[in-house]
Amino acid sequence: MVMKNIADAITFSRLLLSLCLIWLGIKFGVSALPWVVWVMILSWTGDSLDGALARHSGTKKQTWVGAHDLQFDVAIAAALLLYLALADFVPLAGTIFYFLV
């Protein structure tokens, strides 16, 4: 069960990393790009590890966090798009349209 909890913590961390991306966009804009790259590398690495850890935990029971892994993935992707818009890499109007459609 410990490995399952670690996997869930890694999965949940993507929500915190999502908030970090948005904050970087608001506070620092384009100058935060090197930090954003590292946040995304950390997120992708965690996404690669969490499933393997959960499968090797020996526990068949799926947790709430594990059941919502896709939503955590979508959160990090949406936050990256928001960062790109806030840093003027992509048009803000197009980003708003994307989220509305």
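Residues numbered from 1 in each chain as written. Predicted model: local features only at pLDDT ≥ 70, side-chain atom pairs only at ≥ 80, totals over all residues. Heavy atoms only, no water.

K.L.:
Mind showing me how you'd approach the overall build of the protein chain here?
P.N.:
Regarding its fold elements, the protein chain presents five helices and zero strands. Walking the protein chain from its N terminus toward its C terminus, one meets helices and strands in the order α-α-α-α-α. Considering only C-alpha atoms, the protein chain reaches an extent of 45 × 30 × 15 Å along its principal axes. Going through the 101 residues of the protein chain one by one, you find that 29% of them count as buried. In the protein chain, the share of contacts with a sequence separation of at least 24, taken over all contacts with a separation of at least 6, comes to 73%. Averaging the coordinates of the 6 positive side-chain charges in the protein chain and doing the same for the 6 negative ones gives two points 9 Å apart. (Helix = DSSP H or I, 4+ residues; strand = E, 2+ residues; numbered from the N terminus. Buried < 20%, exposed > 50% of the residue type's maximum accessible area, 1.4 Å probe, protein only. Contact = heavy atoms within 4.5 Å. Lys, Arg positive; Asp, Glu negative; His and termini not counted. Charge placed at Lys NZ, Arg CZ, Asp CG, Glu CD.)

K.L.:
What is the right way to read the pattern of salt bridges from this model?
P.N.:
Two side chains of opposite charge can pair, provided their charged atoms sit close to one another. For the structure on display, the rule yields four salt bridges. D69 is the salt-bridge partner of R14, the closest N and O atoms lying 2.7 Å from each other. Remark: D69 occurs in helix 4 (residues 69-86) and R14 occurs in helix 1 (residues 2-27); sequence separation between them is 55 residues. On the basis of relative accessibility, which here comes to 1%, the residue R14 falls in the buried class. Its relative accessible area of 21% is what places D69 among the partly exposed residues. Among the salt bridges present, the one from D73 reaches R14, with a minimum N-O distance of 2.7 Å. Remark: R14 occurs in helix 1 and D73 occurs in helix 4; sequence separation between them is 59 residues. Overlapping salt bridges bring together R14, D47, D50, D69 and D73 as one network. (Salt bridge = Lys/Arg side-chain N within 4 Å of Asp/Glu carboxyl O.)

K.L.:
When you look at the layout of surface pockets in this model, what are you seeing that I'm missing?
P.N.:
Here the idea is plain: a probe the size of a water molecule rolls over the atoms and shows the empty space left. Estimates place the volume of the largest pocket at around 250 Å³. When residues of the lining of the largest pocket are traced back to their parent elements, those giving at least two are helix 1, helix 2 (33-55) and helix 3 (64-67). (1 Å grid on protein atoms, 1.4 Å probe; cavity = no way out; pocket = protein on both sides within 12 Å on 5 of 7 lines; lining within 4 Å. Points joined across faces, edges and corners; volume = space filled by probe spheres on them.)

None of this, on its own, says anything about what the molecule does.
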